[in-house]
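An overview of the molecular structure
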Amino acid sequence: MNDKITLFIDGIRIEADKGDTILKAALKNDIYIPNLCFNHDLKPFGACRLCMVQNKDERLITSCETTVEDGMEIVTENKRINQVRKLVAQLLIVNHEMDCLTCSKSDQCKLQEIAAYLGIDKEDLGNLRRSIKDIPEDTSNPFFTRDFKKCILCGICVRACDEILGVNAIDFGYRGYDTKITTFGDKPILESNCVSCGECVAVCPVGALVPNEKLQPSREVRTICPYCGVGCGIYLGIRGNEIKSIRGDNGNEINNGNLCVKGRFGYNFINHPERLTSPLIKRDGIFEEASWEEAFDLIAQNLSKYEGNSFASISSAKCTNEENYVIQKFTRSVMSTNNIDHCARLCHASTVSGLGQSMGSGAMTNSIGEIVDSGCILAIGTNTTSTHPVIGLRVVKATKTGSKLIVANPKEIELCKHADLFLQHKPGSDVALLMGIMHVIVKEDLHDLNFIKEHCENFEAFKKSLEDFDLDYVEKITGVAAENIIKAARIYASSDTASILYSMGITQHSHGTDNVLAVSNLALITGNLGKPSTGVNPLRGQNNVQGSCDMGCLPDVYPGYQKVIDENISKKFEESWNNELNKDTGLNLPQIFDSAYNGIIKALYIVGENPVLSEPDSAHIQDALEKLDFLVVQDIFLTETAKFADVVLPACTFAEKDGTFTNTERRVQRIYKAIEPLGDSKPDWWITSEIAKRMGSKGFDFNHPSEIFDELASLTPIYAGISYNRLENTGLQWPCIDVEDYGTPILHKDKFSTESGKGRLIPLKYRKPAESPDEEYPLILTTVRSLYQFHTGTMTRKVDGLNKLYDYEFIEINPADALDLGVKDEEIVKVLSRRGEVKSRVKVTETISRGIVSMTFHFSETSTNLITNPALDPVSNTPELKFCAVKVEKI
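Here's what I pulled together on the structure shown here.

Description of the overall build of the chain
Scanning the chain from terminus to terminus reveals 28 helices and 37 strands. On C-alpha atoms alone, the chain measures out to a radius of gyration of 29 Å, which is about the 29 Å that the 2.2 N^0.38 rule sets for 891 residues. Oriented by its inertia axes, the alpha-carbon framework of the chain measures out at about 85 × 70 × 65 Å. In the chain, which comprises 891 residues, the share counted as buried stands at 62%. Taking contacts inside the chain between residues at least 6 apart in sequence as the whole, the part at least 24 apart equals 72%. Carbon and sulfur atoms form 47% of the exposed surface of the chain, whose accessible area is close to 34200 Å². One finds the centroid of the 97 positive side-chain charges in the chain at a distance of 3 Å from the centroid of its 122 negative side-chain charges.

Here is the structure:
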C-alpha cells in the first residue's frame, strides 16, 4: 500500500504522507508558511489564522487543519493571502508589549519572525488603536515566569498541558477582550496542579512563558539525563564552564524532546558551591584537604591490609557503565573478592531473581515507545508519573488513543485519573491480587492455550495452585472487591496486546521475588510476551541501575550476568585480566553491612551511594560504618555517608565526563563531557584506576572511557556488538551480539532465555509481610517517592527551585485516621516503629486508605529509613521497604 501522495505547492511538485496537513507537508519540504499555533506534537487548532493558503477553488483555508489530497494545488503566497496574514499579525502585535531587545525570547520569537517575514512596520501599526492589558506577571513558579502581556492566545501551552501531560493545569478563561490563559480559580501557577515540567515553556512561541534563567548558552552538548531510568535525551546549554539550561532532545526516540521538572530544571547541583573539589582526609575527627597523591598513598597503604573477603565495594547506579566496570574489576582483580553490590539490591534484585527464573533474563522485555500502542496497560506497584514521568506521558497518551488502563496501587495516584479501573489493594497483597486475576482468567478460558503449549512449561502445576485463590479469599486478603478483580481479568486477558509496568511497589517486599513471578505468570498465560506493545516491563529507578547490573556490580556475576562460579567464565576473565580470581559468590549489600557490623568486613569502598539514608533500619548502617577500620567514599558532595569516611574522594558529575548509561529498556546511550571538572574533581573511572595502579596492579592504564568500553564489550556477549562509533547517533538495546546486530527492542520473540527455551510458570502461595500491625503499632507505613526530589536528595536538595516545590517530609494519612489521632495538616508528629522514631509534618489526604500511611526518604532531617523494616526477601535479599508497622503520636 502506497502511503505517499503527490500535490503541488506554489507550482512545486512534492510528495507527502497520507494524513499530513498542508502545513506539515510544506514544512517537511522546506516551504515556509507563517504559523503561530502549530506544533508538530499537538493536534491542529487553527487559532492564529496566519497559516491561510489558497486552494484550486481560490478559497482561503487553514493549512494546519486541512489534510493533503492527491493532485491538490495550493498557493501559499499572493496579495490576498498576505493581506489577511498581515492584518492578523498586526492585531496581535499592536496589543503586544514591544520590549523585544530586553525580552529573553528575542531572536527566538515566532511573532517577531512573522512580523519580519510580512514586512510589518510602524506605519502599519499606527493605524490601529494600541491597548496593552495591565496584568501583573505570575512569578510564583521557581523555574519560569508567565507574562500575560505577551500572550497571543495561541493555546499551545493549554494543548501541551492537556495532550502531552494530561494534567490540564491551564485553560482559556474569561471572554472576549478579557480572555487569558488561566489556572482553576485564576490562582498563581504554583497553587495549581501544575507539575512544573516546563513543556508549556518549551512550546510557547513568544515571550509569554520564559525560564527564570535569562542567560542564553553559548554552546550546547547532547547527552543523557542523570535522574531516573527512562534515559531521556537532553542538550546541556553551556556558558563558560557553567550549565545554564537544559532542553529536550527532539531526536531522541525515548523522550522525543519531553522532559520532567528534574530533567529540565534540576541541574544547579552541577556547579553548586558545595561540590567536593579536592580529596579530604580525616585527621583527629576533622576533614582536611589533601592532594591526590596523599589520598592515594593512604588508600593504597590501608587497602593492601584487607585484600580478600575482609574488603567490599559498593558501586553506583549514578556512574557510567565504564566506571562500574572498573570498580568491579578493581574489587575482583586487585582486592581478590566478589564482595561487590549496589543499590539495585534495594530495588530490582527481585526482578533479576524472579524474571531470571521464569524467562531467563531479568530486564524490561519491551521498549518504551511501544507503550502507546498497547491495548491494555496494567500499572502495578508504580507511581509512573512521579518516578518515571516521561513513561507516564506515554501511558497517558495511550489512554487518549483507546488503550485500557488498569492501576493497582495502595495509593490513589495521578494515573488513576486516566484509568478505566483502579484496584486499591492493601500493601503486601500483590501475589493474592495477581493470582486472583489469573484464577478468573483460567476459569473463564481467557488464557492463551496455544502460547502456553508452545512456549511455556509447568502449566498444570501452576493451574492447580490457582485453586488456593478463590475470589472470596482474594477479596479478604487484598481489600479489592471480587467484581473488580473479574473486570481486571477480563480487560487484561481480552486485549490483543497488554503491557505490564511495575516498579518498587512490587519488588521491595519480603516476598518481592514471588511478586515478580506473579507478574511473569500473568503475562505468560495470556501470551503477552515476544511481540510489540506487550511484555513484563520493570521500570528502573536510576539513570544507570540497569547498566551497573549489566557491568557485574553484583556478588554472583561478572559483566553480562556471567556466573562467577562457572569455571569457564572465570577462566575467560582471568586470562583477560591476567590475574587469578576468587570463584566464590560474594556478599550482597545487606550482608556487607551485617559483616561490617560484626567485624568481618574491615574496609569498605563506597562510590556514589548514600546508604546512611537509603538503607532500611539506617541506625544499623551507621553503627556498621563506625566499626570499619577503613572507609573510602567517592562522591560529588559530602553526603551523610561520606561524613563517616576516613578518606573522601571528589568525583565528577555526568556533565564533566564521557561514557555510557543503559536505561530501563536496555538501551545503551552515550553521555558527553560538556564542561571541565570543578576544582580538582575527577571522573570515577580515573580515580578507581589510579588506586589500582597505586596498589601495583596492571590492566588499569585507561586513557579514555572508550578504551574501557572496548574491553568490557569484548568480555560481555550481550554488549559485544556495541561500540562508541555505533552509539554516536542513536542508542542500541542489548543483547547486541555483533557489529551486524542492530540490537533487540523486544526480548523472547522466538524463545525464552531459559535452558529449555520456554517460559516457566511457577506456582505461588500468599505470604504475609514480615511484620504486622498490632495494638502498639497499628498503622502500615509504605515508602514512596516524590516527583520533585530524587533518592536521598544528594542532587535535588541542591536545587533551590525543587526545594521550593517540595522542601520537607510529610506523612500522608487518611482523614479518618487523622481524626482518631487528633492531628491536622502541617502538624508535626512523631512516627515510631519497632526500630526507631522520626518527626514529620502531617498531610491529610484521601488518596491513601485508612490504616495506611506513606512517607518518602528524600530528607536527612527526617530520615524515614531509621524506622523501615530490614526484613529480606529470601531469594533476592531485597529489603521490605514497602511495609512496616508504625504508630503516630502527637508531640
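Some words on the sheet that holds strand 2 (residues 12-17)
Read from one edge of the open sheet, 3 strands run 2-1-5, paired in mixed fashion. A single partner strand is all that each edge strand has here, and the edge strands are strand 2 and strand 5 (73-74).

Focus: the nonpolar core
Core analysis: the biggest nonpolar cluster contains 102 residues, and Leu236, Leu303, Phe330, Leu649, Phe654, Ile691 and Tyr719 have the highest contact counts within it. Here this core takes 6 residues from helix 8 (residues 292-303), the largest share from any one element. When sequence neighbours within four positions are dropped, the list of residues in contact with Ile691 reads Phe296, Ile299, Leu303, Phe330, Tyr605 and Leu649. If you look at the next biggest cluster of nonpolar residues, it comprises 54 residues, including Ile406, Leu434, Ala489 and Val516.

Quick look at the sheet that holds strand 16 (residues 340-341)
Pairing is mixed across the open sheet formed by 7 strands, whose spatial order is 14-13-27-26-25-15-16. The two strands at the open ends of the sheet, each matched to only one other strand, are strand 14 (286-289) and strand 16. Strand direction decides the pairing type here: strand 13 (residues 280-283) and strand 27 (residues 647-650), joined by 2 bridges, are antiparallel. Bridged to Ile281 within strand 27 is Val647. Of the strands in this sheet, strand 15 (311-314), strand 16 and strand 25 (603-607) touch helix 22 (residues 589-597), which is tilted by about 140° from strand 15. In the packing of helix 25 (residues 684-694) onto the sheet, the strands contacted are strand 25, strand 26 (630-635) and strand 27, and the crossing angle to strand 25 comes to about 160°.

Thoughts on unusual backbone geometry
Cis geometry marks the peptide bond from Trp734 to Pro735; its omega dihedral reads -5°. The backbone phi angle of Ser533 is positive, close to 65°, even though this residue is not glycine. Among the secondary structure elements, Ser533 is positioned in the loop between helix 19 (512-525) and strand 22 (536-538). Judged by relative accessible area, which is 6%, Ser533 ranks as buried. We note that Arg666 has phi near 70°; this positive angle belongs to a residue other than glycine. Mapped onto the fold, Arg666 is located in the loop between strand 28 (659-662) and strand 29 (667-671).

Section: the packing of aromatic side chains
Scanning all chains against the criterion turns up 21 aromatic pairs. Both rings, one in Phe330 and one in Tyr605, keep their centres 5.8 Å apart while their planes meet at 80°; by these two values the pair is edge-to-face. Of the two residues, Phe330 sits in helix 9 (residues 321-334) while Tyr605 sits in strand 25, which places them 275 residues apart along the sequence. Its relative accessible area of 1% is what places Tyr605 among the buried residues. Linked through ring pairs, Tyr325, Tyr558, Phe573 and Trp577 together constitute an aromatic cluster. Here Lys682 stacks its cationic end above the ring of Trp686, 5.2 Å away from the centre of that ring.

Details of a negative patch on the surface
There is a patch of like negative charges on the surface, built from Asp470, Asp472, Glu475 and Glu483. Looking at where Asp472 falls in the secondary structure, it is placed in helix 16 (residues 471-478).

So, the pattern of salt bridges
Using the criterion set out here, one finds 52 salt bridges in the structure. The residue Lys56 makes a salt bridge to Glu73 at a minimum N-O spacing of 4.0 Å. Taken as a pair, Lys56 in the loop between strand 3 (52-54) and strand 4 (60-62) and Glu73 in strand 5 lie far apart in primary sequence, 17 residues in all. Since its relative accessible area comes to 62%, Lys56 is described here as exposed. In this structure Glu73 comes out as partly exposed when scored by relative accessible area, which is 38%. Close ionic contact of Glu656 with Arg275 constitutes a salt bridge, the shortest N to O distance being 3.1 Å. With Glu656 in the loop between strand 27 and strand 28 and Arg275 in the loop between helix 7 (261-265) and strand 13, this residue pair connects regions lying 381 residues apart in the sequence. Of the two residues examined, Glu656 and Arg275, each falls in the buried class. The network of salt bridges with shared partners includes Glu776, Lys830, Glu837, Lys887 and Glu889.

Thoughts on helix 22
Of all the residues in helix 22, the buried ones are Leu589, Pro590, Ile592, Phe593, Ser595 and Ala596. The inward-facing, buried residues of helix 22 abut strand 15, strand 16, strand 25, helix 23 (611-614) and helix 24 (618-627). Gly599 occupies a position one or two residues after helix 22 and carries a positive phi of about 80°.

Analysis parameters
Residues numbered from 1 in each chain as written. Predicted model: local features only at pLDDT ≥ 70, side-chain atom pairs only at ≥ 80, totals over all residues. Heavy atoms only, no water. Helix = DSSP H or I, 4+ residues; strand = E, 2+ residues; numbered from the N terminus. Rg over C-alpha atoms; globule rule 2.2 N^0.38 Å. Buried < 20%, exposed > 50% of the residue type's maximum accessible area, 1.4 Å probe, protein only. Contact = heavy atoms within 4.5 Å. Areas by Shrake-Rupley, 256 points an atom, 1.4 Å probe, with all protein chains shown as cover. Lys, Arg positive; Asp, Glu negative; His and termini not counted. Charge placed at Lys NZ, Arg CZ, Asp CG, Glu CD. Pairing = 2+ DSSP bridges. Core = buried A, V, L, I, M, F, W, Y, C linked by side-chain atoms within 4.5 Å. Axes fitted to C-alpha atoms, helices over the stretch in contact; angles between N-to-C directions. Phe/Tyr/Trp six-rings, centres within 6.5 Å; stacked < 30°, edge-to-face > 60°. Lys NZ or Arg CZ within 6 Å of the ring centre and 35° of its normal. Patch = residues over 30% accessible without salt bridge, like charges linked within 9 Å, V, L, I, M, F, W, Y side chains within 5 Å. Salt bridge = Lys/Arg side-chain N within 4 Å of Asp/Glu carboxyl O.

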